[in-house]
Each structure stands twice: as structure tokens, then as C-alpha cells.
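Overview (structure and organization)
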Amino acid sequence: MSAVVDLDAAVGFVVAHGDAVDRARLSRLRTGAAAPAELLDAAEVGQTPDGGWPATLDSPVGSVDATCYRLAELDDLGALGRPAARRALDWLAARQLPDGGWDEDPSLAEVAPEWARPGDPEARFYLTANAGFWLTVAGLDARAAGPLDHRVGGAYAGVVQAAAHAVAGQLGRDGSWPSFLPAGWLSAAVLHRQGMYDESARIQAVLAERVPRLSPADAAWLAATLRRVEVGEEQWLLVSARRRLAETQRSDGGWDSDDGHQFDVHTTLRAIRACRPAVTSAG
């Protein structure tokens, strides 16, 4: 009998150790409950006038990486249809390069982490997969504030299609990708939603081989990402990632973050998103 994630223990860990935003994310994941308006306002703080979020609080320059991170938080809070998220998505779409990819502003070279370094090909691939993913999943949520469009990516359908082709054009024949590990599952998600199932499946096959060695944080990120684009629950990659989470859950119900224990609640919320029972309605 394979191990199973203890969701009740995970919920208890977030309640015990999370802040008000964490508990609101948990509530929405469990029941779909809307977050209080003042909490949503606080989660959107710091947005630059042109729509992005900066990498550091005092910076006037929006960051692709930081904006994607904030969109992930807002997604858990059910806030992707709000004006702040729509401005951020418009900003991401406007930042797309002619080849369909994304790069950080050159002025961020001194502060950018390795995975977002301006001009670096590996970073460009990762940022393209990440921006493409959020425009893919958020486009329909943002429809209420824009044109009614049922295509993949909604109002950003053309942007998403160009991103998918930019990613697919750099894949190896064996499904390998020229970038960091998370770029794999983000790319697989973008390609899956674009109907490029063969390319997505090749990436997923590579990822499946790596699951036994994934950190808990990466296993949670992978599974949550693929579930967000409705990859089938029975897919071997999702099943094995959840098994990895069951193997690595701590006795207190939480999981270790790769970025220090202050981020364990974030990792645990992502694991809950990855392992919660499937629902039939969108959300």
C-alpha cells in the first residue's frame, strides 16, 4: 500500500503557522471562500504604474519573475479577475519579445537571481515558460474585464500561442529543455493547454524520471502546475509526484521549502493544491 498525503495534518500546519493571507489561501483551496477585500488589496500592494510588480519594493522597474510570483499568490486568493491582475497580465503581454519569449529588463542585472538574469538564454526560457503559463491560465479569469474570448488564454490567445511555439522550438527530441528544472513543468503545462500534446508528453516523460529525486517543494510545484491546466488525474507524472509528497511530508503536517523554513507554509499550501480532491467545477 503506497503512502498517502495527510491533508488534515497539512491544513493544521498552515492554520498553526500561517499568516492571514496564508489562511485565506487555505480557505479558498478548501471551500472556495472569497478572501476579504482588504486582504486582497494588501496582496496587490507595490504594483508599478505600468502594471508589473518590482523585484524589490523600492524599485520602479517591473520584473517578469516577480510579477509571475505575485500572480501565483493572487490565483490562490481567487483574485485573477481583479483589475490589478488584469493590469499585470496586460503588462506581461506587452513585454513579449518578437520571438515569442520574455527577458528581464537589463537594468535588473545586478539584482536578478540566477533564473531571471537578463540576457541569459536559460533564464529567458524559464521566464517564457512562466509568463506563458500565467497568461494561459489567467486569461479566462480576466475575461470579465476584457473581451469575451473562449480561446486558450482568452484575451491573450495570440500571446500564449507565440509563447508555446517559442518553447517548443527549443525542446530536444528526447523532451529535454535548455533551462532550469521548473521550466520543464511550466512548459509542459503551456504546451498541454495549447493542444501540443506530443511535445508536452515528451517533457512529462523526462520529468517522470526525475520525480524520485525531487525536493518536496518541486514535487508540489510540479503537481500543482499540471493540475491547474487540467492534466488528467490518472497521469503517471501526477500520481508519482503525489507519492513523492506523501513520502516527504513531515510529522507536523508540513513540507520543507527549498528557500528556508520561513517558506514552509507556502510549500505546504502548494502541496495542498496539488493533492486536494478533484472538483468538477472550474476554479
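It should be noted that the structure appears before, not after, this text.
Read on for an overview of the structure. Worth saying up front: this structure is predicted, and the values here are computed from it rather than measured. (Residues numbered from 1 in each chain as written. Predicted model: local features only at pLDDT ≥ 70, side-chain atom pairs only at ≥ 80, totals over all residues. Heavy atoms only, no water.)

**Quick notes on the layout of surface pockets**
Picture a little ball the size of a water molecule; that probe, rolled over the atoms, points out where space is still empty. Considered as a void within the structure, the largest pocket measures approximately 1,200 Å³ in volume. The wall of the largest pocket is formed by 48 residues, among which Y69, Y126, W221, D259 and R270 lie closest to the centre. Those elements giving two or more residues to the lining of the largest pocket turn out to be β1 (53–54), α4 (64–76), α6 (121–138), α8 (181–193), α10 (216–228) and α12 (264–275). No other element matches the 8 residues that α4 contributes to the lining of the largest pocket. Of the residues contributing to the lining of the largest pocket, the split by class is 27 nonpolar, 8 polar and 13 charged. (1 Å grid on protein atoms, 1.4 Å probe; cavity = no way out; pocket = protein on both sides within 12 Å on 5 of 7 lines; lining within 4 Å. Points joined across faces, edges and corners; volume = space filled by probe spheres on them. Helix = DSSP H or I, 4+ residues; strand = E, 2+ residues; numbered from the N terminus. Nonpolar A, V, L, I, M, F, W, Y, C, P; charged D, E, K, R; others polar.)

**Describing the environment of A188**
For A188, the position within the fold is in helix α8. The exposure class of A188 is buried, given its relative accessible area of 0%. As for A188 and A24, which are separated by 164 residues in sequence, their C-alpha atoms are 29 Å apart. Sequence-distant contacts of A188, defined by excluding residues within four places in its chain, comprise S200, I203, Q204 and L226. (Buried < 20%, exposed > 50% of the residue type's maximum accessible area, 1.4 Å probe, protein only. Contact = heavy atoms within 4.5 Å.)

**Structural notes on the environment of G78**
Position of G78 among the secondary structure elements: in the loop between α4 and α5 (83–94). A sequence separation of 54 residues divides G78 from A24, and the C-alpha atoms of the two residues are 9.9 Å apart.

**Let's talk about the packing of α10 against α12**
As a packed pair, α10 and α12 sit with axes 8 Å apart at the nearest point and diverge in direction by 45 degrees. Relative to α12, the element α10 is oriented oblique. The two elements α10 and α12 cross, and the hand of that crossing is left-handed. Contacts between α10 and α12 involve P216, A217, A220, W221, A223, A224, R227 and R228 from the former and T267, R270, A271, R273, A274 and C275 from the latter. For the contact of α10 with α12, the per-class residue count stands at 9 nonpolar, 1 polar and 4 charged. (Axes fitted to C-alpha atoms, helices over the stretch in contact; angles between N-to-C directions. Parallel < 35°, antiparallel > 145°, perpendicular 65-115°, else oblique. Left-handed = near helix turned anticlockwise from the far one by under 90°.)

**Remarks on α10**
The terminal C-alpha atoms of α10 lie 18 Å apart, and with 13 residues this matches the ideal 18 Å at 1.5 Å per residue to within 8%. For α10, a buried count of 13 out of 13 residues is recorded, marking the element as mostly surrounded by other parts of the structure. Positioned one or two residues after α10, E230 has a phi angle of 65 degrees, which is positive. (Expected span 1.5 Å × (residues − 1).)

**Things to note about unusual backbone geometry**
Of note, the phi angle at E230 is positive, near 65 degrees, even though the residue is not glycine. You can see E230 is positioned in the loop between α10 and α11 (236–248). On the basis of relative accessible area, E230 is assigned to the exposed category, the value being 64%.

**A short note on the pattern of salt bridges**
Tallying each qualifying case throughout the model produces 16 salt bridges. Here R86 makes a salt bridge to D90, at a shortest N to O gap of 3.3 Å. Of this pair, R86 and D90 are both found in helix α5, 4 residues apart, which corresponds to roughly one turn of the helix. Take R86: its relative accessible area is 12%, and that puts it in the buried class. Residue classification places D90 among the partly exposed residues on the basis of a relative accessible area of 36%. (Salt bridge = Lys/Arg side-chain N within 4 Å of Asp/Glu carboxyl O.)

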